[in-house]
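Residues per chain are reported as follows:
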Amino acid sequence: MPTTYDLVVRGATLIDGTGAPGAIGDLAVRDDTIVAVGNVPPGDTGREINGAGRILAPGFIDIHTHSDRTLFVDPTAESKIRMGITTEVFGNCGLSPTPCFGALLEEERRQWAKIGLQPTFGTMGEYLDRLTDNGVGLNVRALIGHAAIRKAVMGYDQRAPDAAELKAMCRHMAETMEGGGAGMSFGGITTPGTCAEIPELVEISREVARADGIVSVHLRNERERILEAMDEWFTAARETGARIQFSHHKAASPRVWGITAKTLAAIDQANADGFEVDLDQYPYGASSVGLHAMLPHWAFDGGPAALRARLTNPADRKRILDDLRGPNPSGNGSGIGPDKVMAATCLTDPSIEGKTLAELGAERGADPYETLLDLLLANELDIGGIYFTMSEDDIKAIMRHPRMMVGSDSYSQVIGGRSQQSKPHPRNYGAFARVLGHYTRDEGVLTWEEAIERMTSRPARKLRLHDRGTLAVGNKADLALFDPARVRDRATFADPDHYSEGFELVVVNGRIALDGDRMTGTLAGSVLR
Ligand SMILES: [Zn+2]
């Protein structure tokens, strides 16, 4: 005789993800499905959990991530599970491991080698098959990167595609959607996204729109020209019907603090005009992208070898330094000084991690920007970077916006596993817990119901996940139970490798991934297509 329920949580405050007020009640699960919500009569139950004093929410959906590789080496995704995340969307900011051909294949071979693997796939469909075979601890959706498509077809050329190349890129995009991809991401501050113009982006977006996918956009500019950078995607939405998601929305320079009043109004206007435009955000005042992104775009023409040559050639080097020191540097970090840019993960020289460019220069008795170029050359151009650029007022204004979804912009990690990198941005471990603990409980920026809606039903709607994102009978049993008094992020910029606290039960497709303080190791996630 089978039990009536496999799992029942009793007496928790149920916050169902829709934004409706929480209420005390029970929830029951059988197999991978929620089968009762509200008052669950006593019955034959595999496992009962007392939820008194706790909040029970739908498992969180992390709509902006970069776990494309780390899930293969550490599939339990502990950093995510320990902040209640049960689904994530990777392949953002123009970056993805597919289509794994041409120049991208070369680049991916180097990247995967760092975690002891090699790519054994070409298309999105093949990649998702490998991930399914490998097993994964949470549900995943994958985007394909525009930069990845461009590298596969055109290498590192900084020019518009010809007709045949554009056709080939659109074919990769269509093949991705057929293979189960969620859409396309664009990366506007790193090459070759920097050299793509509107006609190219419109044609590729058309393929995404045809399959009802999403277009996630790391804008070309998050500073003085942010409104212009948003405009080109309103054009793409108008011409193709593509559903847009602005990534990690921010005002990334003290010179434009406050401009979020205008950017958020523009998003409201686009939606009022009948287009679907949403945004995601991580709850920190600093962004993260490799330090190479500080260099002017022209320096990347021809790929990494050409860049290295320019960093040693005196005339080019001077031109790069003039740009970095000038009043309007063209790369990332414009508008902030070298004391606001910090070296993050650097596998080849961990001694520089956690130090600002100003400090690194002072240590060497050298100019901070000269030091930057020397360090890039000495470390295979591969140094993580953290940029302290944002204001709290902007962060809170964006967080309150009704179209905001929480996205960590991180990759999953397991401390002690091969996915652990020495000094990542703390968002890898703390983003969702920080929205709940710091911004919701301590600062009162959102109510619990609002915060949870931005982590559950809203991203589920964006992703067309019809059976996730709310506590409703018939939905997949993805659940997060946490203590509202204790939930908090513990990862800091100086000392990031700490999991979040306060989560006591996390369930993925009906199976317990986090049980009290213990990871069960279950790989119950689905590769969603
Ligand atoms: Zn990005």
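Residues numbered from 1 in each chain as written. Predicted model: local features only at pLDDT ≥ 70, side-chain atom pairs only at ≥ 80, totals over all residues. Heavy atoms only, no water.

1. Focus on the overall build of the protein chain
Inference 1: Summing up its helical and strand segments, the protein chain has 17 helices and 20 strands in all.
Inference 2: Computed over its C-alpha atoms, the radius of gyration of the protein chain comes to 23 Å, within 12% of the 24 Å expected for a compact globule of 529 residues.
Inference 3: If one aligns the C-alpha atoms of the protein chain with their principal axes, the spans along those axes are about 80 × 50 × 45 Å.
Inference 4: In the protein chain, which comprises 529 residues, the proportion classed as buried is 62%.
Inference 5: Of all intrachain contacts in the protein chain linking residues separated by at least 6 positions in sequence, the fraction that spans at least 24 positions is 75%.
Inference 6: Between the centroid of the 57 positive side chains of the protein chain and the centroid of its 72 negative side chains there is a distance of 1 Å. (Helix = DSSP H or I, 4+ residues; strand = E, 2+ residues; numbered from the N terminus. Rg over C-alpha atoms; globule rule 2.2 N^0.38 Å. Buried < 20%, exposed > 50% of the residue type's maximum accessible area, 1.4 Å probe, protein only. Contact = heavy atoms within 4.5 Å. Lys, Arg positive; Asp, Glu negative; His and termini not counted. Charge placed at Lys NZ, Arg CZ, Asp CG, Glu CD.)

2. A short note on the pairing of strand β8 (residues 139–145)
Inference 1: A large share of β8 lies buried, amounting to seven of its seven residues.
Inference 2: Taking every second residue as pointing to the same face, both faces of β8 are buried, with Asn-139, Arg-141, Leu-143 and Gly-145 on one and Val-140, Ala-142 and Ile-144 on the other.
Inference 3: Strand direction decides the pairing type here: strand β7 (residues 85–90) and β8, joined by four bridges, are parallel. Each bridged residue has a counterpart across the sheet, and for Thr-87 the counterpart in β8 is Asn-139.
Inference 4: One ladder, built from three bridges, connects β8 with strand β9 (residues 183–187); its direction is parallel. Residue pairing in the sheet places Gly-145 in a bridge with Ser-185 of β9. (Pairing = 2+ DSSP bridges.)

3. Structural notes on the coordination of the zinc ion
Inference 1: Of the protein atoms, only Cys-93 (SG), His-218 (ND1) and His-248 (NE2) coordinate the zinc ion, at distances of 2.0 to 2.2 Å.
Inference 2: Coordination of the zinc ion draws on donor residues from a single chain, spaced C-x124-H-x29-H in sequence. Residue His-218 is found in strand β10 (residues 214–218), and its partner His-248 is found in the loop between β11 (243–246) and α9 (260–272); the two are separated by 30 residues along the sequence.
Inference 3: Using a relative accessible area of 9% as the deciding quantity, one classes His-218 as buried. (Donors = N, O, S within 2.8 Å, 3.2 Å for Na, K, Ca; no water.)

4. Let's talk about the confidence of the model for the protein chain
Should pLDDT be low for a region, the predicted coordinates there are not to be read in detail.
Inference 1: Predicted confidence across the protein chain gives a mean pLDDT of 96, with 100% of residues reaching 70 or more.
Inference 2: Mean pLDDT across the elements of the protein chain bottoms out in strand β13 (residues 286–288) (93) and peaks in strand β17 (residues 479–482) (99). (pLDDT = per-residue confidence, 0-100.)

5. Things to note about the state of the cysteines
Inference 1: A complete count under the given rule lists zero disulfides for this structure.
Inference 2: Cys-100 takes part in no disulfide bond, and the closest cysteine sulfur, belonging to Cys-93, lies 19 Å away.
Inference 3: No disulfide involves Cys-195; its sulfur sits 17 Å from the nearest other cysteine sulfur, which is in Cys-93. (Disulfide = S-S within 2.5 Å.)

6. Considering helix α3 (residues 102–113)
Inference 1: The end-to-end C-alpha distance of α3, which contains 12 residues, comes to 17 Å, matching closely the 16 Å that a straight helix rising 1.5 Å per residue would cover.
Inference 2: Buried within α3 we find Ala-103, Leu-104, Glu-107, Glu-108 and Trp-112. Looking straight down α3, one finds its buried side chains confined to an arc of 155°; they lie on one side.
Inference 3: Each element contacted by the buried residues of α3 is listed here: α1 (70–73), α4 (124–134) and α5 (146–154). (Expected span 1.5 Å × (residues − 1). Arc of directions from axis to C-beta.)

7. Description of empty space enclosed by the protein
Empty space among the atoms becomes visible once a probe the size of a water molecule is rolled across them.
Inference 1: Across all of its chains, the model carries two cavities of 30 Å³ or more by this definition.
Inference 2: Computed from the structure, the largest cavity encloses a volume of approximately 60 Å³.
Inference 3: What lines the largest cavity is simply His-248, His-249, Lys-250, Ala-251, Gln-281, Tyr-282, Met-390, Asp-394, Ile-395 and Ile-398.
Inference 4: The element best represented in the lining of the largest cavity is helix α14 (residues 392–400), accounting for three residues.
Inference 5: Looking at the lining of the largest cavity, its residues break down into five nonpolar, three polar and two charged.
Inference 6: Computed from the structure, the second largest cavity encloses a volume of approximately 30 Å³. (1 Å grid on protein atoms, 1.4 Å probe; cavity = no way out; pocket = protein on both sides within 12 Å on 5 of 7 lines; lining within 4 Å. Points joined across faces, edges and corners; volume = space filled by probe spheres on them. Nonpolar A, V, L, I, M, F, W, Y, C, P; charged D, E, K, R; others polar.)

8. Overview of the pattern of salt bridges
Inference 1: The full count for this structure, using the stated rule, is 50 salt bridges.
Inference 2: The partner of Lys-396 in a salt bridge is Glu-443, with the nearest N and O atoms 2.8 Å apart. With Lys-396 in helix α14 and Glu-443 in the loop between α15 (427–442) and α16 (448–453), this residue pair connects regions lying 47 residues apart in the sequence.
Inference 3: The class of Lys-396 is buried, set by a relative accessible area of 18%. (Salt bridge = Lys/Arg side-chain N within 4 Å of Asp/Glu carboxyl O.)

9. A word on the side chain of Asp-394
Inference 1: In this structure, Asp-394 sits in helix α14.
Inference 2: Within the buried core, Asp-394 has no salt-bridge partner, and the shortest N-O distance to an opposite charge, that of Arg-400, equals 9.7 Å.
Inference 3: If near-sequence neighbours (up to four positions away) are discounted, Asp-394 is found in contact with Ala-251, Trp-257, Gly-258, Ile-259 and Thr-260.

10. A look at unusual backbone geometry
Inference 1: Residue Pro-99 follows Thr-98 across a cis peptide bond; omega there is 5°.
Inference 2: Examined against the element boundaries, Pro-99 turns out to sit in the loop between β7 and α3.
Inference 3: The phi angle at Asp-212 is positive, at roughly 60°, despite the residue not being glycine.
Inference 4: With respect to the element layout, Asp-212 can be found in the loop between α7 (198–210) and β10.
Inference 5: Of the residues examined, Asp-212 reaches a relative accessible area of 35% and is grouped as partly exposed.
Inference 6: Phi is positive for Leu-381, close to 65°, though the residue is something other than glycine.
Inference 7: Among the structural elements, Leu-381 can be located in the loop between α13 (368–378) and β15 (385–388).

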